[in-house]
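Chain by chain, the residues:
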Amino acid sequence: MKAGIVVFEGTNCDRETFNALKVSGFDVDYVWHDWTSIDEYDLVILPGGFSYGDYLRPGAIARFSPVMRAVEEYAEKERGIVIGICNGFQILAESGLLPGAFLKNRTGNFICKMVDLKVENHDVLDNVEKLRLYIAHSDGNYTADEKTIDTLERERRILFKYVENPNGSVHSIAGIANKNFNIFGMMPHPERSTMPYHENNDGLKIFKAVRRWKNERISKKS
Amino acid sequence: MSASQKNLKMPILRDDYEKIKKLLKRDPNETEQYIFSAMWSEHCGYKHSKRLIKEHFNLSDENAGLVWIDDIGIAFKVESHNHPCAVEPFQGAATGIGGIIRDVIAMGARPVALLDSLHFAEPHSHIYEGVISGISVYGNSIGVPTVGGEIRFHSGYSYNPLVNVMAVGVVKKGDVKTSKAQGAGNSVVLVGSKTGRDGLHGASFASRKIDETLNDRPSVQVGDPFSEKRLIEATMEICKLDCVIAVQDMGAAGILSSTTEMADHGGLGLDLFVDRVPLREKGMKEWEILLSESQERMSFLVKKDHEEEVESIAKKWELDFAKIGETTSSGEFRVFNKNKRVSSLPLTLVTQPPDLSREIEKEYSITNRPSFWSGRIQGTLLKLLSNPTIASKKCVYERYDHSVGGETVKPPSFDAAVIHVKGQKGIALSLGGNASYTELNPLEGTKAVLFEACANVIASGGKPLGVTNCMNFGNPEIDEIAAQFYATVRGLEESSKLLGIPITGGNVSFYNESNGQEIPPTPVVGVVGVVEDIRKVPSSHFVNFGDSIYLVGRINLPENGAAMYLKGNTFCEVDWENCAKTLKTVQNVSSEDFVLSLHDVSDGGIAVACAEMAIESMKGVRMSTMVYPFEEYPARFVLEVLKGKEEEFERNLKSNGVEFEKIGIVDGNSFVWNLESVPLSSLKKAYASLGEEW
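Structure report, in brief.

All names here are of chain B. Among the residues making up helix H15 (residues 378-386), those that are buried are Leu381, Leu384 and Leu385. Each buried residue of H15 lies within a common arc of 100° when the element is viewed along its axis, so the set occupies one face. Turned more than 90 degrees from where H15 packs its buried face, Gly379 and Lys383 sit exposed. Against helix H21 (605-617), strand S28 (670-673) and helix H23 (680-687) lie the buried residues of H15.

Dropping the structure here:
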């Protein structure tokens, strides 16, 4: 299975995401932000970092990159799966590919720590109840209007929630899916929990689930 | 005094002016005076330190020190950004990070870790908050994990905080870049941000005391982490080009210092064309362009006619590019503006300021009287744990991204941080100083600081490979300060020789004084060690109930006046040979399977060390020992040994002739010292005094 990691100027989690996908059995390439087609990939990741310095708002400038138009088309034709991690999630929200927006953390500060997550959608993450992953962000306080949250809850599009809300996110939401379940956004960093020397390997569970989801759901449709 | 010197707005010492005039056999013009004012400043020229450091440390001319783990080079260096942080703490700290990162990338190394040694008068002050925010915003954005360091408090830093940053990078053998120019007729190119008037006089500002009546704000540079991140990536790509001969960062005195140093290291001359420098502001004078300390710029020496290869990488990362000069065989440093020559000086005159360093020897007393403790410990223990220097810094480290890069094995907590390098191998990194020690006795205190940094590396399963340092002092023109500096240099030299670890780099910051107050002498020492097997890094908190707790190192101690609980007048006599033996023995035993946790004993003695190990895992201890709970002495460790393996462990230590004592066991949920019991919850509360939440 082929994965592409999109690199914007200011992206800074590209190399560890590359390594994490390698150990998860993917063939991996970097995708530069000016590419106009990404159809050769089964999985496309928008990794963490500070694209364009997070100037204006996190993700607000990256969303205008040529590659984001390609990501939109890729998702529309359900070619494969798109995952936005941290800054990638913020870019997807700014692009309107996922609902909601991000505010500054409730503490006003950047937070880097391990957090416990409770899995909400067991179709995507089968046999996984809990996850413990790193968060590392200043603007991780997810927000959306009540109607959107109701829809997310009803359509079971909330992937996981924080056990102890670290940043003020509404309903403790830490990760969501789009309506078609082929675009995912998550604030925690699965790539930082994939190596023998990491505190745990919960990130591998996520990449394994993605692989299964792509095989069972997306390939069936296409 | 000549008319032109009278008009000069910045200070150039009269002595220097006369010297220059005599050597040139003419008056230096305005541009030239500015050139000397920067290059002969303490900050660029190291007039009061360079010779002593060269003679005592045997250093190379390169941008950072280098040690090797197989075919992987570890480049590392510490630099201070004290003066800017005193005036504008946020930007001061941010640009301090940016500057030291560029030293590491100039070696062709990819930065993998940052550590900060921060010294303030008090927590939660304007300066404290600003510095921590600056590190957080800049370091997090460029994607280099901040994995360690220290935050210490001392009333001597109320006007002059110390912000010393260490950057660590990795580079493959064969990819190491030099700052040494080669060959006349090659091109000096600039890559990075545009040049503006920011940071003008930064070098000379950092070479004098801070005067509150002067407005120093324009001397502080402003950082843009987004440009730095692009500059890092572009530099990594440019360093792979065969046409790149030399690389140099732009720090103090900007283009001027960067390019002349590169030429000087290669024994060449240099022509610079200031009109080709991409500018941010209109109407800048030649000297302003030369001296500007605009951030996020690098210079490269590129083989003639290969400039386009560098330019295309700069374009990819949307960075400015310009060919601003070329090397010559003339030995002259010439500056041109639109084909008009505005300066012509012998290059070595510019790069070799007069030597003002002094060997002033002073005796600092040491005493050898027995230490004494009796009675309860609870009050002192809680007071020490909540002392801001000892208290947990978790609330600060959570504001730094310490796991970006995905290579962090041991995040910031106790002792040294560990970063994965290749296969099973990693590096252990430590950075620290201790003004209470060095102000009582700069010679012996400095040795203790180096031993402490090595002990941290060893406690994290590492073997020390190399030492770097940043030495922070007041005004070196004062005899007392010059003596402190000389003692510090000798202390570092002697202790590194005793431990058999080379000093690979050094940085000096003088003139840390304002309002008549000088900082205590504060050498900050960074140590890099190799961890042969990252799976064997011992825990730094207690693991199993029932395991034995040992103290390894000297048992009966002399009274140490620098100890946190005491604050006396004299430093104690230390048997350094014995301390070195202890370090070596613990280093060897640390990877044994029966050593489950390991922590170095420093501020607050063994009671604080054991409390820290207990708080982290909330496993209690039952101690039964007559050793003094709070006394401090170098090279002592607390080890948790697996139950049933005590004999094997003791045999190992005895064969090495190292002192040790079993002092307790891991047990229950209280901290029991002999018969006195303190609940872990009260220790935890005291230890969390710096931040509201854990």
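Having seen the structure, we can now continue with the description.
To describe two helices that pack against each other, one gives the angle between their axes and the distance between the axes. Residues and elements named next belong to chain B. In contact at an axis separation of 7 Å, H15 and H23 are set at 35° when each is read in the N-to-C sense. On H23, the residues touching Leu381, Leu382, Leu385 and Ser386 of H15 are Ser682, Leu683, Ala686 and Tyr687. Broken down by class, the residue content of the contact of H15 with H23 amounts to six nonpolar, two polar and no charged.

All right, on to the nonpolar core then. Among the nonpolar cores identified, the biggest contains 69 residues, and Phe8, Leu21, Ile38, Leu43, Met68, Phe160 and Phe184 of chain A are the most heavily contacted of them. Residues Val531, Val552, Phe571 and Tyr633 of chain B belong to the second largest nonpolar core, which totals 64 residues.

What follows deals with the interface of chain A and chain B. The interface of chain A with chain B comprises 24 residues on the first partner and 30 residues on the second. When the two sides are added together, the surface that chain A and chain B hide from each other amounts to roughly 2,300 Å², 53% of it contributed by carbon and sulfur. On the chain A side of the interface with chain B, the three residues burying the most area are Glu9, Phe110 and Tyr197 of chain A, jointly 28% of the side's total. Among the salt bridges present, the one from glutamate 9 of chain A reaches arginine 230 of chain B, with a minimum N-O distance of 3.9 Å. Counting the contacts that link chain A with chain B gives ten residue pairs in polar contact (both at pLDDT 80 or more). At the level of elements, helix H1 (14-23), strand S6 (111-119) and strand S7 (130-137) of chain A are the ones that each hand at least two residues to the side of chain A that touches chain B. Along the lines of polarity and charge, the residues of the side of chain A that touches chain B split into eleven nonpolar, eight polar and five charged.

Residue and element names in this part refer to chain B. Of note, aspartate 603 is situated in the loop between strand S24 (595-600) and H21. Residue class for aspartate 603 comes out buried when judged on its relative accessible area of 14%. A polar contact of 2.9 Å, which involves the side chain of aspartate 603, links it to the side chain of arginine 152. Aside from chain neighbours lying at most four places away, what touches aspartate 603 is Arg152, Thr389, Ile390, Asn434, Met564, Val608 and Glu632.

What counts and how
Residues numbered from 1 in each chain as written. Chains lettered and ligands numbered in written order. Predicted model: local features only at pLDDT ≥ 70, side-chain atom pairs only at ≥ 80, totals over all residues. Heavy atoms only, no water. Buried < 20%, exposed > 50% of the residue type's maximum accessible area, 1.4 Å probe, protein only. Helix = DSSP H or I, 4+ residues; strand = E, 2+ residues; numbered from the N terminus. Arc of directions from axis to C-beta. Contact = heavy atoms within 4.5 Å. Axes fitted to C-alpha atoms, helices over the stretch in contact; angles between N-to-C directions. Nonpolar A, V, L, I, M, F, W, Y, C, P; charged D, E, K, R; others polar. Core = buried A, V, L, I, M, F, W, Y, C linked by side-chain atoms within 4.5 Å. Buried area = accessible area lost by both parts, 1.4 Å probe. Salt bridge = Lys/Arg side-chain N within 4 Å of Asp/Glu carboxyl O. Polar contact = N/O pair within 3.5 Å; in protein donor to acceptor, adjacent residues only side chain to side chain.

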